[in-house]
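The primary structure of each chain is shown beneath.
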Amino acid sequence: MTANTVTTAIYPRLSEAIRLREQGETDRAAQLVMAHLRERPDEPRGLAQLGLIAAQTGALGQAEHFLRRALTLGEKNPELLRTLASVYSQQERLQVAESFTRRLIEEEGDLQLRPLRASLLDRMGRHDEAMAIQKQLVEEDPRSIPHLLAWGYSLRAAGDVEGAIAAYRRAIAIDDEYGEAWWGLAGIKRKVLTDDDIAAMQQALTIAIDERNIAPLNFALGRAFHDRGDFARAFHHYNEGNRIRAEAINYDSRALTDEVAEVERIADADFLRAMPSAPLGTDQPVFIICLPRSGSTLLEQMLGSHPGIEPVGELPYIPAILRSFMEISTRRQKLSVPQAIAAMTDQQAALLGQDYLARARLHRKTDRPYFIDKLPQNWSNVLFIRRILPQARFIDIRRPAMDCCLSNFSQSFTAAHASSFALEDIGQCYVDYVRLMRHFDAVAPGMIHHVSYTGLVDDPQATLRPALDYLGLGWDDGIAAFHKLDRVVRTPSSEQVRRPLNRDGMEVWRPYGQWLGPLERVLGDLAAG
């Protein structure tokens, strides 16, 4: 007899809540569960269901609370345990998530959690351990496409491009409609897609019905036609892939624009001067901030070749800590992010900053004075970072607007970069980003150092010397050999930064100019820069 069968027999109201939750009717399900718990406080099955509902709706803090409470009171089933592991992962509490997941695998025999553990190890920078698990999974189930793709992504990040190509092609041989496998191939920074590949993708598009396959198939075809100089067909497929993604999420660019405007109103010169300035501990983070596809991986690789700077990649912690902070801050009243930051106490700020530094230490392998966190979207989190980490340094790298925005539009991004799904939206995002950078330059001159992508490529030493001065460091000739730095790079630019400097990323928008009118209109004067 299963747990759900027992619940149906003993608690019919809870049974109905389970049915509603599984159908996505979370509000009605939550009402039934809360009515059940009013009659039976601390009943573990009810607490577990409340935790599962909270997890389903993204209320991760509440989900953790109720799931752990249910577990303490004796409720223990695979769904609860896996969901709690997933909650820890989504909170980016990687050490806790990895330890919990490992224990479930070892003590409960839940082998289905091995892919999650591999992902957690990889995100913690323990790449060899992650790849060992991924290799084992592929060997045990060589026809599992998700296992093959994860293996391929890891091989590519480690610099084994040929191994990655082989993994993607094995996945395609199993299911040639699987869009992410084709995009894995297309994402390789050389022409690997053949004419036969194009024919196979076109055939797959005629029969594919799952938008999760159709969108990446379009992006892969876009890349294939781009490589052949057929820019009309390339743009058609980029546009179609983005249209599908945009319709699925209903992104509204006004939310970001409004938040930037509110930062401008709240964070004036007096506000920033009043923030504590004493360093929080001895760790010295440097945040590379920008829009995606702006050259942040190149900048990190070059700065990371300096003996005083350790590159640690794109750390997910600032957005995760901000999300948890906002979940707590908005329980009793509705607050925007800038309002919540303005209301933050010094004690709260110190605790959040210490949390970030503790998580970041998982990725440190040296005792170099500085470490780089290059998560691009932290450009919109500068005020939050400055509040919780007084010693933070910011380096903004800016790629010319038309190249940057088209590069976003032609990349098969997830919903994490939802502004890239429409030319108008990515253009507005660029406008908002520049506007916020200009605001901070006006009210806190010198807080953010700016680097030109074009200058970095054309004259790296002249461009980087001021950035190093900003950090109190001198020039080092090792920077010129950045492409020889041996490290795992998990971004779309993983191959590019293993090559000497080149101008391949310059003026990429021009062949598409006739279709970029909506982007140019939003960018205004920025389109010329």
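A short tour of the structure in this document, coming up.

Rules used throughout
Residues numbered from 1 in each chain as written. Predicted model: local features only at pLDDT ≥ 70, side-chain atom pairs only at ≥ 80, totals over all residues. Heavy atoms only, no water. Helix = DSSP H or I, 4+ residues; strand = E, 2+ residues; numbered from the N terminus. Buried < 20%, exposed > 50% of the residue type's maximum accessible area, 1.4 Å probe, protein only. Contact = heavy atoms within 4.5 Å. Pairing = 2+ DSSP bridges. Axes fitted to C-alpha atoms, helices over the stretch in contact; angles between N-to-C directions. Salt bridge = Lys/Arg side-chain N within 4 Å of Asp/Glu carboxyl O. Parallel < 35°, antiparallel > 145°, perpendicular 65-115°, else oblique. Left-handed = near helix turned anticlockwise from the far one by under 90°. Expected span 1.5 Å × (residues − 1). Phe/Tyr/Trp six-rings, centres within 6.5 Å; stacked < 30°, edge-to-face > 60°. Lys NZ or Arg CZ within 6 Å of the ring centre and 35° of its normal. Core = buried A, V, L, I, M, F, W, Y, C linked by side-chain atoms within 4.5 Å.

Some words on the overall build of the chain
Line of reasoning, step 1. Assigned secondary structure in the chain consists of 27 helices and five strands.
Line of reasoning, step 2. Oriented by its inertia axes, the alpha-carbon framework of the chain measures out at about 75 × 65 × 45 Å.
Line of reasoning, step 3. Within the chain, the proportion of its 529 residues that are buried is 54%.
Line of reasoning, step 4. Taking all contacts inside the chain whose residues are at least 6 apart in sequence as the whole, residues at least 24 apart take part in 70%.

Some words on the sheet that holds strand β5 (residues 448-452)
Line of reasoning, step 1. Here we have five strands laid out as an open sheet, ordered β2-β3-β1-β4-β5, and parallel in their pairing. Each end of this open sheet is capped by a strand with a single partner; those strands are β2 (309-311) and β5. Averaged over all pairs of adjacent strands, the angle between strand axes in this sheet comes to 25 degrees, irrespective of strand direction.
Line of reasoning, step 2. The pairing of strand β4 (residues 393-398) with β5 spans five bridges and is classified as parallel. Counted as the bridge partner of Ile 397 is Val 451 from β5.
Line of reasoning, step 3. The strands touched by helix α24 (residues 423-443) are β1 (284-289), β4 and β5; relative to β4, the strand with the most contacts, the crossing angle is about 140 degrees.

Regarding the pattern of salt bridges
Line of reasoning, step 1. All told, the structure shown has 35 salt bridges when counted by the stated rule.
Line of reasoning, step 2. The salt bridge partner of Asp 283 is Arg 361, with a shortest N-O separation of 2.8 Å. Here Asp 283, found in the loop between α17 (269-273) and β1, pairs with Arg 361, found in helix α21 (residues 346-361); they are 78 residues apart in sequence, far enough to count as distant.
Line of reasoning, step 3. A relative accessible area of 15% places Asp 283 in the buried class.

A closer look at the packing of helix α23 (residues 401-409) against α24
Line of reasoning, step 1. At a closest axis distance of 10 Å, the pairing of α23 and α24 adopts a crossing angle of 135 degrees. Compared by their axis directions, α23 and α24 come out oblique. Between α23 and α24 lies a crossing of right-handed hand. In this structure, α23 contributes Ala 401, Cys 404, Cys 405, Asn 408 and Phe 409 to the contact, and α24 contributes Leu 423, Ile 426, Gly 427 and Tyr 430.

A closer look at the pairing of β1
Line of reasoning, step 1. Burial of β1 is extensive: six of the six residues sit out of reach of the surface.
Line of reasoning, step 2. Pairing between β1 and strand β3 (residues 370-373): four bridges, direction parallel. Bridging across to β3, Val 286 finds its partner in Ile 372.
Line of reasoning, step 3. Sheet topology places β1 next to β4; four bridges connect them, and they run parallel. Across the sheet, Val 286 pairs through a bridge with Arg 393, a residue of β4.

Quick notes on helix α11 (residues 161-174)
Line of reasoning, step 1. Here α11 is 14 residues long and its end C-alpha atoms lie 20 Å apart, about the 20 Å a rise of 1.5 Å per residue gives.
Line of reasoning, step 2. Within α11, the full set of buried residues consists of Val 161, Gly 163, Ala 164, Ile 165, Ala 167, Tyr 168, Ala 171 and Ile 172.
Line of reasoning, step 3. In the core, the buried residues of α11 are packed alongside α10 (145-157) and α12 (179-186).

Section: the packing of aromatic side chains
Line of reasoning, step 1. This structure, assessed with the given rule, holds 16 aromatic pairs.
Line of reasoning, step 2. Among the aromatic residues, those joined into a ring-pair cluster are Trp 183, Phe 219, Phe 231, Phe 235, Tyr 238, Phe 409, Tyr 512 and Trp 515.
Line of reasoning, step 3. Directly above the aromatic system of Tyr 453 lies the positively charged group of Arg 399, at a separation of 5.6 Å from the ring centroid.

Focus: unusual backbone geometry
Line of reasoning, step 1. With a phi angle near 60 degrees, Glu 92 is a residue other than glycine that sits in the positive phi range.
Line of reasoning, step 2. Looking at where Glu 92 falls in the secondary structure, it is placed in the loop between α6 (78-90) and α7 (94-108).
Line of reasoning, step 3. Relative accessible area serves as the criterion here: at 15%, Glu 92 is assigned to the buried category.

Side note on the environment of Ile 133
Line of reasoning, step 1. Turning to its location among the elements, Ile 133 is positioned in helix α9 (residues 127-140).
Line of reasoning, step 2. In the structure, Ile 133 is positioned 96 residues away from Gly 229 in sequence and 40 Å away in space, judged by C-alpha atoms.

Some remarks on the nonpolar core
Line of reasoning, step 1. Counting residues in each nonpolar core, the largest one holds 159 residues, and the members touching the most others are Tyr 356, Trp 379, Phe 384, Phe 394 and Phe 440.
Line of reasoning, step 2. A per-element tally of this core places α24 first, with ten residues.
Line of reasoning, step 3. Leaving out residues up to four positions away in the same chain, Phe 440 has contacts with Val 263, Leu 272, Val 382, Leu 383, Pro 445, Met 447 and Ile 448.
Line of reasoning, step 4. In this structure, Ala 118, Ala 130, Ile 133 and Leu 137 belong to the second largest nonpolar core, which totals five residues.

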